[in-house]
Every structure is written in structure tokens, then in C-alpha cells.
Amino acid sequence: MAATSYLTPTQRYVAGALFGLALNQAHFHQTHPLGLSTDDFPSDSERTPSKLEVSDDPSLWVHEHHALLRPVFKYLDIDPAAWSGLEETAVSTSVSRHVGPLLRLLSEESGDDYSERSDKELALSGAVDAMVLSMESNSESLTSRREKLREYEHQCREKFSTSDAEPNSEKIDMQLDTKEEAGTPFHDCEEPDQGSIHSNIDESPIEEVMMLSYPRKVAVLYELLCACLSDLGENNKKHGRRRKGYDARHRVSLRLLATWLDIKWSKMEGIETIVASSAMAFIKEQESSKEETLSKENKGDRWKKGCIIGAAALTGGTLMAITGAAGAGLSGTKMARRVGGVDEFEFKVIGENHNQGLLAVEIMISGFVFEDEDFIRPWEGVNDNLERYALQWESKNLYALSTAIRDWLTSRIAGALMKRGAMLTVLHSLLTALAWPVTLLAATEFIDSTWTIAIDRSDKAGKLLAEVLLGGLQGNRPVTLVGYSLGARVIFKCLECLAETKNSAELVERVVLLGAPIAIRDENWETVRKMVAGRFINAYSSNDWMLGIAFRASLLSQGLAGIQPVDIPGIQNVNVTDHIEGHSSYFWATQQVIDELQLDSYYPVFT
């Protein structure tokens with residue numbers, strides 16, 4: 001690899017050190033409050049004591065047991081004698097004291113081939129910029145997305161003969177016992193005055209990063225990505241990593257490192273696409289070649305000729321595993337027979353980003369639907385550079401439940417409660433475990449049977465989703481899971497099933513639960529959180545009384561994630577009450593909420 005590298009040996013060493021720090025910091029943020037770094041916990045004996053050795057804690061992401069770091073060192077051609085020292089630096093409690101000096105070292109120039117390396121860096125950064133421009137030009141315009149969103153909202157409102165929401169002017173400001181200050185979207189952040197979905201975390205780059213040229217930053221991220229995708233060291237039985245491909249923990253670490261380097265994530269996505277496209281071109285060339293085999297020397301010569309391709313040749317086998325099962329893998333997943341009590345489980349393609357060499361996948365799951373289009377339409381306007389799919393599941397039972405709820409909304413007792421503005425009072429009674437009026441209990445009994453069936457099917461669909469991910473049908477690429485209503489429950493149960501395996505957080509990069517019918521104190525949220533490498537968001541609406549009524553039988557005093565925050569470190573609670581008039585609002589408000597969550601941002605931002 002060294003012969004085709006953009007970086008000097010010292011720069012490769014520094015890149016490995018920075019990546020180790022980012023990897024450990026990303027692991028730290030799984031289970032510690034957002035907005036903080038390891039610098040804020042100098043005496044945390046459980047995770048980062050001052051004299052912790054990597055060999056003492058195999059649960060660390062930088063540990064050899066996970067095979068996340070040493071193959072990167074090997075690919076970067078770093079002397080093995082230095083590996084243990086780099087690992088010890090990675091688990092240091094003084095992240096801020098290391099990053100600055102490392103960035104300063106990275107900016108230094110040396111070597112007789114400086115001019116040649118500079119030209120290669122410039123060519124690479126130019127190719128990345130061109131790729132990003134191409135991706136942006138192919139994406140749907142904001143105006144078009146808004147028009148589609150307005151049209152769908154109008155259709156949805158017509159679909160409901162009555163709304164499950166009270167008009168904004170009649171909302172009752174109930175002070176529920178949620179342990180959160182009003183207007184605080186990030187429940188576990190230390191700054192309680194952020195006020196909106198947008199975070200006010202200082203994102204200004206640290207001083208040393210200003211010394212680095214843009215081409216150098218791109219070169220570092222490019223080579224680290226290639227290293228993450230390489231096969232080197234994978235045959236070592238001591239390593240605990242089971243699958244080749246793009247590990248979600250690697251992608252989260254690169255996301256943090258890009259933030260440290262003050263590089264927009266869209267640039268990193270451009271790098272990903274270039275690496276994947278280069279590898280696929282290499283594979284295609286191999287397949288079309290008339291020669292049965294080619295010598296390693298000849299292969300190396302060909303790659304050296306292309307300054308953009310660079311070290312991607314070494315990642316060809318891994319990238320084939322990533323992209324080979326990509327589009328056809330998920331879009332071809334359709335149940336031919338009943339499995340585990342589930343009659344329907346099928347992935348639908350969304351958008352144009354398929355078979356384009358994208359290295360990340362997004363699966364979106366609706367859970368409150370009246371017809372087939374409701375599985376897809378809420379997600380069509382989401383504009384990101386991911387290969388996206390909607391999961392259509394158990395439509396028959398979901399239609400029955402949604403219809404039962406709509407019928408109840410049109411009932412006389414529901415109309416009277418809404419007219420009196422009493423629904424939020426009912427919700428408050430639910431959360432505080434007060435007894436409900438007998439007449440109200442009787443009026444909602446006919447929802448219970450369909451709700452019970454839908455809950456059972458969502459739990460089973462979650463298990464099927466876990467099997468799909470474990471089977472690599474998404475192409476062994478990091479997955480983002482987003483779902484509302486019972487779709488959010490499918491995701492949660494999927495994560496529970498993953499927690500029963502030894503796959504840790506290698507599969508799922510990010511999770512967003514919207515209006516989730518999941519009990520808070522009756523589920524193992526800590527374990528589920530550890531299955532997600534990056535951000536885990538619980539978006540809730542404190543006035544979603546319809547969700548409370550539907551879930552009341554099993555909720556009791558256990559709390560409900562869809563209407564209040566989950567007090568678990570590492571889970572980012574976002575109050576979306578201002579966007580959600582009622583549970584049915586998730587049909588059309590989901591896109592706006594996702595936009596404002598800024599999922600491509602790494603929180604917290606290290607400065």
C-alpha cells in the first residue's frame with residue numbers, strides 16, 4: 001500500500017493515531033451523555049481511568065478483539081511495534097491534548113517527492129468535489145420536495161374524517177413528569193437552553209486544523225476509508241470481527257474525524273462513492289479480461305497509473321462483498337410464505353440512489369397506515385445520499401388497527417372529549433397511573449384486539465429484520481433505521497434480537513424512533529443502545545394522546561417513549577410536539593422532523 005499512498009510514513013502514523021482517538025471517542029458517546037467528551041470524565045474508572053491499558057478491557061472498540069483498529073494500522077503500513085502505543089493513546093482521557101498536536105504534525109511537509117504527492121492530493125480533492133457536485137445535481141430540489149410534501153399532507157388530512165389533534169390554539173400545556181425542562185430537545189445534554197431541534201453546540205474548528213490544506217484533509221479521509229474496507233488482517237483468528245465490509249463503527253468514527261478536520265460530510269460521501277466506484281470498475285475489468293489470472297505486479301502497475309484510484313485495488317474483494325448484494329439483496333427480499341406468524345415483509349425501493357456504489361443504506365418503516373402508499377409516501381421527500389428502502393409489512397393488520405382507531409376518533413365519546421379539550425387530561429391521567437373513567441375504558445375496548453395483534457406482528461417483524469441484516473442482504477454496509485409508530489417498534493425489536501448475537505454495533509449506524517409505542521421502564525434500553533454505533537434518537541410528542549390510549553393496556557405506569565423522553569445516557573431525546581399535532585401527523589411531518597434532526601451531523605462536536 002505504501003507505494004501508492006498519498007501520505008508520508010509520518011502522516012500515515014498520525015492518521016492512524018487520529019482514527020484511534022475518534023474510534024474510542026465514538027465508543028464513549030454510545031453510553032455517555034451527548035455534549036461531553038472523555039476530557040469531562042478524568043476519573044471515570046469504569047470506562048477511561050487514567051492508566052487503563054487496552055488489554056485490560058476487551059469491550060473497548062480499539063481492542064484487538066474487535067479487529068477495528070489493527071487492520072487499519074496494517075493497511076497504513078505502520079510499524080507493528082508502534083501499534084500498542086497507538087492503542088494506549090486512543091484510550092487516553094486527554095483527547096483534546098492529543099488532537100491538536102497530531103493535526104499540526106499532519107500539516108508538516110517533508111520528502112523529496114513532496115511536489116508529486118501534492119499534485120496527487122490536488123487531483124484527488126478535485127475528483128471528490130466533482131463527485132459531490134454530481135451527487136447534488138442529481139438530488140431532488142427543495143422546492144420539489146416541499147410541493148410533494150404539501151400534496152401528501154393535503155391527501156392525508158382528507159383521509160381522516162376527523163383529526164386526532166386539537167387545534168394549536170386549544171393545546172393544553174400539561175406539565176408531565178418527564179424530567180425535562182420545557183423546550184429542551186436534547187434531554188441528555190448539559191445545556192438546557194438550546195430551545196429547538198437544532199443544537200447550539202460550538203462547531204468551530206480547533207486552531208490546528210486551519211494549518212491543514214483541504215487536499216491533505218481529503219487524502220487522510222480517503223486513505224482511512226480504504227483502510228477500513230481492506231481485508232488485511234482479517235484471516236487472523238484472534239480477531240473477533242466476523243464479516244468483511246464497511247463496519248458501522250468505522251463510519252461513525254470517520255464522521256467524527258471529518259468533524260475534527262472541518263470537512264462537510266457530503267465530501268466524505270463523495271470519497272465513499274469514488275472508492276466504491278473505483279473498486280467496482282476494477283472488478284468489472286477483471287471479469288471482462290481475457291486473461292485467466294494477472295500477476296500482482298501487473299495489478300499494482302495499473303493502479304499506480306491512476307492517481308484517483310490509488311489504494312482501492314486492495315479493497316476490491318471487500319467492496320464486492322459490500323456492493324454485490326446491494327440493490328437486488330434488499331429489493332429482492334419478499335416473503336414467499338408465512339414466516340413466524342408474519343404474512344408480509346417486503347422492501348420497496350425509494351429514490352434514485354440504487355446500484356450507484358453508495359456505501360450506506362437507509363431502511364424506513366411506517367407503522368400507522370391505511371393503504372399501500374402510506375408505507376412509501378412519508379419517506380419520499382427525504383433527501384440524502386443513502387440507498388433507501390421502505391419496508392412494507394403486515395399491511396392487513398395495520399390497516400385494521402388504523403381503521404379501528406379512526407372509527408374511534410369519529411365516535412361520540414371521542415368527539416365530546418376533543419370538543420372539551422380533555423384529551424391531554426386523559427393522557428396526563430395515563431402517565432400518572434390514575435384510574436380512567438369506566439365509560440372511556442369501555443369505549444376503547446374494541447381497539448384492544450387489533451392493537452394486540454399489531455403489537456405481536458411488529459415484534460415478529462423486528463426479528464425478521466434482524467435476520468435480514470445479519471444475513472448481509474443490505475450488502476454488509478452501515479444501516480440507518482428510521483420508523484414511526486409501530487414501525488419504530490419493529491426497529492426496537494430488531495435491535496433486541498441483534499443484542500442476542502455477538503455482532504455488537506457493527507451493523508447499525510443510526511436509529512431514529514418517532515412516536516414509538518415502546519414502554520420505557522419495561523424494556524432493556526441500555527442493551528439496545530449498544531447495538532447502534534452512532535446517534536440514537538427518540539423523537540416524542542407530549543400531546544400524542546392517541547398513542548397513549550392505544551397503548552394503555554400494557555403501558556400502565558411504565559412510561560412511553562413516544563410521548564416522553566427516555567432517561568438513558570447515549571439516547572438523544574427530541575421533543576417534536578411543535579411539529580406533531582397528533583399521531584396521524586407522522587404521515588406528513590416525518591420529513592420535516594428528519595430534516596431538522598440533521599442526521600449527518602456528529603453530536604457532540606469536539607472543539
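See above for the structure.
Keep in mind the model is a prediction, meaning the values are calculated, not measured.

Trainee: Help me understand the pattern of salt bridges, please; the structure alone is not making it clear to me.
Mentor: Opposite charge on two side chains permits them to pair, given that their charged atoms come into close proximity. In total, this model carries 22 salt bridges according to the counting rule given. Between Lys267 and Asp129 there is a salt bridge, with its nearest N and O atoms 2.9 Å apart. Here the residue Lys267 occupies a position in helix H9 (residues 265-288), and Asp129 occupies one in helix H5 (residues 114-138), the gap between them amounting to 138 residues. Between Arg377 and Glu373 there is a salt bridge whose closest N-O contact spans 3.5 Å. Bridged by salt links that share partners, the residues Arg251, Arg255, Glu272, Glu509, Arg510 and Asp600 form one connected network.

Trainee: Help me understand helix H18 (residues 486-499) in this model?
Mentor: Residues separated by three or four positions in an α-helix point in the same direction, a consequence of the helix having 3.6 residues per turn. For H18, with 14 residues, the first-to-last C-alpha span of 20 Å sits near the 20 Å given by 1.5 Å per residue. Within H18, 12 of the 14 residues are buried, leaving the element largely enclosed by the surrounding structure. Considered for burial, the residues of H18 that qualify are Leu486, Gly487, Ala488, Arg489, Val490, Ile491, Phe492, Lys493, Cys494, Leu495, Cys497 and Leu498.

Trainee: Where do I start with helix H1 (residues 9-31) in this structure?
Mentor: Here H1 contains 23 residues, and its C-alpha end-to-end distance of 35 Å stays within 8% of the 33 Å for a straight helix at 1.5 Å per residue. Buried residues dominate H1, accounting for 19 of its 23 residues.

Trainee: Looking at this structure, how should I read the packing of aromatic side chains?
Mentor: The description of an aromatic ring pair rests on the distance of the ring centres and on the angle between the ring planes. Per the stated rule, a full pass over the model turns up 12 aromatic pairs. A centroid spacing of 6.2 Å and a plane angle of 15 degrees characterise the contact between Tyr484 and Tyr586, whose relative ring orientation is stacked. One end of the pair, Tyr484, is in strand E4 (residues 479-484); the other, Tyr586, is in helix H21 (residues 586-597), with 102 residues separating them in the sequence. Each member of the pair, Tyr484 as well as Tyr586, is classed as buried. Three or more aromatic residues joined by ring pairs make a cluster, and in this case those are Phe368, Phe370, Trp379, Tyr484, Tyr586 and Phe587. Residue placement shows Lys120 over the ring face of Tyr6; its charged tip is 5.2 Å from the ring centre.

Rules behind the numbers
Residues numbered from 1 in each chain as written. Predicted model: local features only at pLDDT ≥ 70, side-chain atom pairs only at ≥ 80, totals over all residues. Heavy atoms only, no water. Salt bridge = Lys/Arg side-chain N within 4 Å of Asp/Glu carboxyl O. Helix = DSSP H or I, 4+ residues; strand = E, 2+ residues; numbered from the N terminus. Expected span 1.5 Å × (residues − 1). Buried < 20%, exposed > 50% of the residue type's maximum accessible area, 1.4 Å probe, protein only. Phe/Tyr/Trp six-rings, centres within 6.5 Å; stacked < 30°, edge-to-face > 60°. Lys NZ or Arg CZ within 6 Å of the ring centre and 35° of its normal.

As far as function goes, none of this settles anything; it's purely spatial.
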